[in-house]
Every structure is written in C-alpha cells, then in structure tokens.
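So you can see what is in the structure, the chains are spelled out below.
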Amino acid sequence: GAVVSQHPSRVICKSGTSVKIECRSLDFQATTMFWYRQFPKQSLMLMATSNEGSKATYEQGVEKDKFLINHASLTLSTLTVTSAHPEDSSFYICSARGVRGLGEQYFGPGTRLTVT
Amino acid sequence: AQRVTQPEKLLSVFKGAPVELKCNYSYSGSPELFWYVQYSRQRLQLLLRHISRESIKGFTADLNKGETSFHLKKPFAQEEDSAMYYCALSGGQGGSEKLVFGKGTKLTVNP
C-alpha cells in the first residue's frame, strides 16, 4: 500500500514553454502533498505544501507564479513549471501524507525535467 | 529554526562490520524523527520512524533528546545496505507537518 506515482518520469522542453507534472496517490487519500526539488548529489529541498481544496503554501524563495500547484482532489496534485528556463532543469519529487498514519510521507519516483 | 545535520557525507564499511549513521537535529518542540533510504535508481522510502521504535532490515534508531540525536545503527552491515540515507524531522503533533531533511549520507558496504 501507500504508492505514489508521478507522470511523466522524464520530460524535455524548450525554454519558454510550460510543463505539467502530475502526482497521484494510488491506493490512499492524501490530504497533503508536498513538492520537492533535488539537485544532483544534494538533498531534497521542499518547494511547497499542497492541501486539497486550498492554495499551496510555498517555501521562502520559491516563486509561486512560476511553480503553479493545484491539488484538486484527494489523490491528485499537479505542479506546472511556467515559462521554463534551463536553470529550472532538475529532479522534481512529490510526496503524499495520508489521512491516517503516523506523519510519514510516501514519495513518488520523481520527474527529471530538462529545459533546453 | 528546524535543522537536521548529518555530518558524514560518505561512509564506507566492510560487510559484517557495525555501522552508525549520525544525525543531529535542532528543534524547539517535540519533533518526529524519520530515516529515509534511497537505493540506487529507486525512490525515497521510509526506513524508520522514532515513534514506532521498530527495527527494519536490522536497523534501529533511538531518539536521544538530551543529545538531540537520532543515529541509525546496524550491528552487521550487508552489501545490499549500500544506499543514500536521509534523516528527517517534522514538527510532531501540533507542529508543522513538513519534513526537513539532512543532506544525506552515502553508505557503501564493501564485500
């Protein structure tokens, strides 16, 4: 149980275009989802916390107009990178926290974004 | 401020040797502590959480509030334990639910 999927697993886009990444909890309901960014050989950096039906809470330094987050249902959250630039190239990981549980988060496999 | 420190970036041991991955934290309240593991080309997965007081794959971790530590230990390391290990903290009951991660320790278990 507690499986989180992400789609796509890998995407290449041109500079200036927008890219949407989906995060789904497959077998549980997730009231809260989190979006992270991971640079090569570095730890995960939390970008934002997404609660179903409400606006996301962004971490300091993360541009909310650039990284649009939507959490429309208890099993789906999306991250849209708008007007992507090469410096947005990174590994984006989502996690989900179940309605029940002991506070642990379940992680998706990540999405590799490359902006050319 | 919440902070998690993993002082060792790399740790290398031989198979059968004991291993200890260090984790220290800074938090004003009563945090929840976790260890996550990331095997090569796999997603991050939960290994241990302090409130469960369980042993997973031979690993244990004890929360020491006096020393603000949550070190991960295994008495006899196996080659399949080679992975990236992250210590993480959340605010616990009534606190922030977001996780703060340490920078991670890459464990290599040599044959």
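In what follows, the accompanying structure is described.

1. With respect to the interface of chain A and chain B
Thinking step 1. Chain A puts 21 residues into the contact, and the matching count from chain B is 17 residues.
Thinking step 2. Carbon and sulfur atoms make up 52% of the area that chain A and chain B hide from each other, which totals about 1,500 Å².
Thinking step 3. If you look at where chain A meets chain B, you find one salt bridge.
Thinking step 4. Its salt-bridge partner being A:Glu59, residue B:Lys98 comes within 2.9 Å of it at the nearest N-O pair.
Thinking step 5. On the surface where chain A and chain B come into contact, there are six residue pairs in polar contact (both at pLDDT 80 or more).
Thinking step 6. Listing elements by their share of the side of chain A that touches chain B, those giving two or more residues are β4 (30-38) and β5 (44-51) of chain A.
Thinking step 7. Split by residue class, the side of chain A that touches chain B holds nine nonpolar, nine polar and three charged.

2. Let's talk about the packing of aromatic side chains
Thinking step 1. All told, the structure shown has ten aromatic pairs over all chains when counted by the stated rule.
Thinking step 2. On the basis of an interplanar angle of 40° and a centroid distance of 5.6 Å, the ring pair of A:Tyr36 and A:Phe107 is categorised as tilted. Of this pair, A:Tyr36 sits in strand β4 while A:Phe107 sits in strand β10 (residues 106-107), placing them 71 residues apart in sequence. Exposure class is identical for A:Tyr36 and A:Phe107. Each is buried.
Thinking step 3. Aromatic side chains B:Tyr36 and B:Phe101 sit 5.8 Å apart centroid to centroid with 55° between the ring planes, which places their arrangement in the tilted category. With B:Tyr36 in strand β5 (residues 32-38) and B:Phe101 in strand β10 (residues 100-101), this pair connects stretches of sequence that are 65 residues apart.
Thinking step 4. Here B:Tyr36 falls in the buried class, since its relative accessible area comes to 0%.

Thresholds, definitions, all that
- Residues numbered from 1 in each chain as written.
- Chains lettered and ligands numbered in written order.
- Predicted model: local features only at pLDDT ≥ 70, side-chain atom pairs only at ≥ 80, totals over all residues.
- Heavy atoms only, no water.
- Contact = heavy atoms within 4.5 Å.
- Buried area = accessible area lost by both parts, 1.4 Å probe.
- Salt bridge = Lys/Arg side-chain N within 4 Å of Asp/Glu carboxyl O.
- Polar contact = N/O pair within 3.5 Å; in protein donor to acceptor, adjacent residues only side chain to side chain.
- Helix = DSSP H or I, 4+ residues; strand = E, 2+ residues; numbered from the N terminus.
- Nonpolar A, V, L, I, M, F, W, Y, C, P; charged D, E, K, R; others polar.
- Phe/Tyr/Trp six-rings, centres within 6.5 Å; stacked < 30°, edge-to-face > 60°.
- Buried < 20%, exposed > 50% of the residue type's maximum accessible area, 1.4 Å probe, protein only.

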